[in-house]
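# Coordinate inspection notes
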Amino acid sequence: MIAEIRRRFNSTFTPEKYRHFLTHLDDRCGTHIKFRNSETPCFFPKALVEQMTACGRELIEQLLTGPASAEYRRRSDATIPPEFNAPGETPQPLFVQVDFGLIRNVAGEIEPRLVEIQGFASLYAFQAALAEQYRESYTLDRLDPSLRFLPAGMDLDAYYALLRRAILAGHDPENVVLMEIDPFDQKTLPDFLVTQKLFGIKIVNVSDILKQGNQLFYQHNGKSVPIRRIYNRVIVDELIRKNRALPFSFGDALDVEWAGHPNWFFRLSKFSIPFLKHPCVPKTWFLHEVDSLPADPENYVLKPLYSFAGIGVIVGPTRDDLQRIPPENRSQYILQERLSFAPVIETPCGPTQAEARIMFIWFDTLQQGPTLVRTGRGKMMGVDYNRNMDWVGSSAGFYPG
């Protein structure tokens, strides 16, 4: 999007550089990465990143700290299933991500539009590793020494210190676990391994955790090690789909802290979007509140509230798709105005669309981390929908400092 930097990058790109990038990224993560990483990082104008960051802060404030936040929190109580309603909920989510699609307005200018907001941990460790590998493999400092992927005043050490504080909160790493469903089979394993390498915590399958009284343990070298804090990466939708029996209930009064309290998975999610009033938010309704189905359903997107990686999303649903959902389940879907993503990244394979995720960590204030980017030319932006294409996939956002 910064034309001169894009031109110079494309003109110096070689397949050998890309192979070097992929090989060293696997080495950095300690595993082969099973999702596609783009040939190129994205170069965003600083003003655009600042606009997305400001919009993200405004949306979060509107929901959680603004005048209507108490009413929103009350309304969102109904989103938390009793069996997943964990005690000790924090006043705010520790991790917040805000996803924006990039569109062109009527004047032809690039603007962000909200795609999703979530109070759940994302690829906080991997995203920084990905950006650093782009920087090293493509010698981005020679391309433009001012390029950065972290906010002004924050270097990589400072970011990792922030992430360490969020995950460990002063605990011995031995007593902190990254908890996931079958973690070594997940595509997000590279993030787990980088997190483990950085902070020394254990990666633990949720099914392998032991419960004794109100305490949780994991097994290591034949010993039961107490768990004091959980970096929660369990997606409840997947837990339900796999019908996984757990050795404990999220609703138990456990003697444990959460690095990312699980209730925020429900409270800050697609459920939030119909409540937001902001120029960057597309028109969105709960499906059960739609009085009559639109005459042009191809201009809308149907989304389940609590699915990840695009599972269950229908772009341009037919009237049959909409009518197939039983009335009792319609409150679990939103119908959203379809965004027309602009092809803003010039590549040898043609212009490519981009979706940018502004990643926050929330202590006393919202602190911005790296910008995760998905690029694609498919029907949807997820890497699974662009797997047979070149110059698309997971990427990192750089901008002049």
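Report follows, based on the coordinates. (Residues numbered from 1 in each chain as written. Predicted model: local features only at pLDDT ≥ 70, side-chain atom pairs only at ≥ 80, totals over all residues. Heavy atoms only, no water.)

### Considering the overall build of the protein
Scanning the protein from terminus to terminus reveals 11 helices and 19 strands. Relative to a compact globule of 401 residues, whose C-alpha radius of gyration would be 21 Å, the protein shows 21 Å and is just as compact. A principal-axis box enclosing the C-alpha atoms of the protein has dimensions of 60 × 55 × 40 Å. Burial status across the protein gives 56% buried among its 401 residues. Counted over contacts in the protein with a minimum sequence separation of 6, partners at least 24 positions apart contribute 74%. Accessible surface computed for the protein: about 17100 Å², of which carbon and sulfur atoms make up 50%. Within the protein, the 47 negative side-chain charges are centred at a point lying 2 Å from the centre of the 45 positive side-chain charges. (Helix = DSSP H or I, 4+ residues; strand = E, 2+ residues; numbered from the N terminus. Rg over C-alpha atoms; globule rule 2.2 N^0.38 Å. Buried < 20%, exposed > 50% of the residue type's maximum accessible area, 1.4 Å probe, protein only. Contact = heavy atoms within 4.5 Å. Areas by Shrake-Rupley, 256 points an atom, 1.4 Å probe, with all protein chains shown as cover. Lys, Arg positive; Asp, Glu negative; His and termini not counted. Charge placed at Lys NZ, Arg CZ, Asp CG, Glu CD.)

### Some thoughts on the nonpolar core
Nonpolar side chains in soluble globular proteins tend to end up buried together. Counting 66 residues, the largest nonpolar core has Ile-60, Val-98 and Met-179 as its most contacted members. Among the elements that line this core, the one with the most residues is helix α3 (residues 46-64), at eight residues. Ranked by size, the runner-up nonpolar core spans 55 residues in total, among them Tyr-134, Leu-143, Leu-147 and Phe-398. (Core = buried A, V, L, I, M, F, W, Y, C linked by side-chain atoms within 4.5 Å.)

### What about the sheet that holds strand β5 (residues 176-180)?
Taken together, four strands build an open sheet; the order of strands is β6-β5-β10-β11 and the sheet is parallel. Only two strands of the sheet have a single neighbouring strand rather than two, namely β6 (202-205) and β11 (257-259). Strand-to-strand twist in this sheet, taken as the mean axis angle between neighbours without regard to direction, amounts to 35°. Taken together, the four bridges between β5 and β6 define a ladder with parallel strand orientation. Note that in β6 the partner of Val-177 across the bridge is Lys-202. (Pairing = 2+ DSSP bridges. Axes fitted to C-alpha atoms, helices over the stretch in contact; angles between N-to-C directions.)

### A short note on the layout of surface pockets
Each pocket or cavity is described by its volume, and for the second largest pocket that value is around 300 Å³. Forming the boundary of the second largest pocket are 16 residues, of which Asp-237, Ile-240, Tyr-306, Ser-307 and Gln-332 lie nearest the centre. Listing elements by their share of the lining of the second largest pocket, those giving two or more residues are α9 (236-241) and α10 (263-267). With four residues, α9 is the single largest residue contributor to the lining of the second largest pocket. Its residues assigned to classes, the lining of the second largest pocket comprises 10 nonpolar, four polar and two charged. (1 Å grid on protein atoms, 1.4 Å probe; cavity = no way out; pocket = protein on both sides within 12 Å on 5 of 7 lines; lining within 4 Å. Points joined across faces, edges and corners; volume = space filled by probe spheres on them. Nonpolar A, V, L, I, M, F, W, Y, C, P; charged D, E, K, R; others polar.)

### Focus on the packing of aromatic side chains
For the coordinates displayed, the defined rule picks out 30 aromatic pairs. Ring centres of Tyr-159 and Tyr-160 lie 5.9 Å apart, and the angle between their planes is 45°; this geometry places the pair in the tilted category. Note on Phe-275 and Phe-286: the rings are 5.9 Å apart at their centroids and 70° apart in plane angle, and the pair reads as edge-to-face. A residue pair is termed long-range when its members are at least 10 positions apart, and Phe-275 in the loop between α10 and β12 (284-286) and Phe-286 in strand β12 qualify at 11 residues. Judged by relative accessible area, Phe-275 falls into the partly exposed class, the value being 23%. The buried category is assigned to Phe-286, whose relative accessible area is 5%. Counting every residue linked through ring pairs, the aromatic cluster contains Phe-9, Phe-13, Tyr-18, Phe-21, Phe-43, Tyr-134, Tyr-138 and Trp-391. The residue whose ring lies beneath Arg-165 is Phe-363, and the NZ or CZ to ring-centre distance is 3.8 Å. (Phe/Tyr/Trp six-rings, centres within 6.5 Å; stacked < 30°, edge-to-face > 60°. Lys NZ or Arg CZ within 6 Å of the ring centre and 35° of its normal.)

### A few points about the pairing of β5
In terms of burial, β5 is largely enclosed, as five of its five residues are buried. Looking at chain direction, β5 and strand β10 (residues 229-232) are connected through four bridges and run parallel. Note that in β10 the partner of Val-176 across the bridge is Arg-229.

### Quick look at the sheet that holds strand β9 (residues 223-227)
The strand order across the open sheet formed by three strands is β7-β8-β9, and the pairing between neighbours is antiparallel. Of all strands in the sheet, those bounded by a partner on one side alone are β7 (210-212) and β9. Averaged over all pairs of adjacent strands, the angle between their axes in this sheet comes to 40°, without regard to strand direction.

### Some remarks on the state of the cysteines
Enumeration over the complete set of coordinates arrives at zero disulfides. Not part of a disulfide, Cys-349 finds its nearest cysteine sulfur in Cys-42, a span of 14 Å. Given a relative accessible area of 39%, Cys-349 falls into the partly exposed group. (Disulfide = S-S within 2.5 Å.)

### Concerning the pattern of salt bridges
Considering all chains together, one arrives at 25 salt bridges under this definition. In this structure, the salt-bridge partner of Glu-39 is Arg-36, at a minimum N-O distance of 2.8 Å. Neither residue differs from the other here; Glu-39 and Arg-36 are each classed as buried. With its nearest N and O atoms 2.6 Å apart, the salt bridge here joins Arg-233 to Asp-191. Within this pair, whereas Arg-233 is found in the loop between β10 and α9, its partner Asp-191 is found in helix α8 (residues 189-199), the two being separated by 42 residues in sequence. (Salt bridge = Lys/Arg side-chain N within 4 Å of Asp/Glu carboxyl O.)

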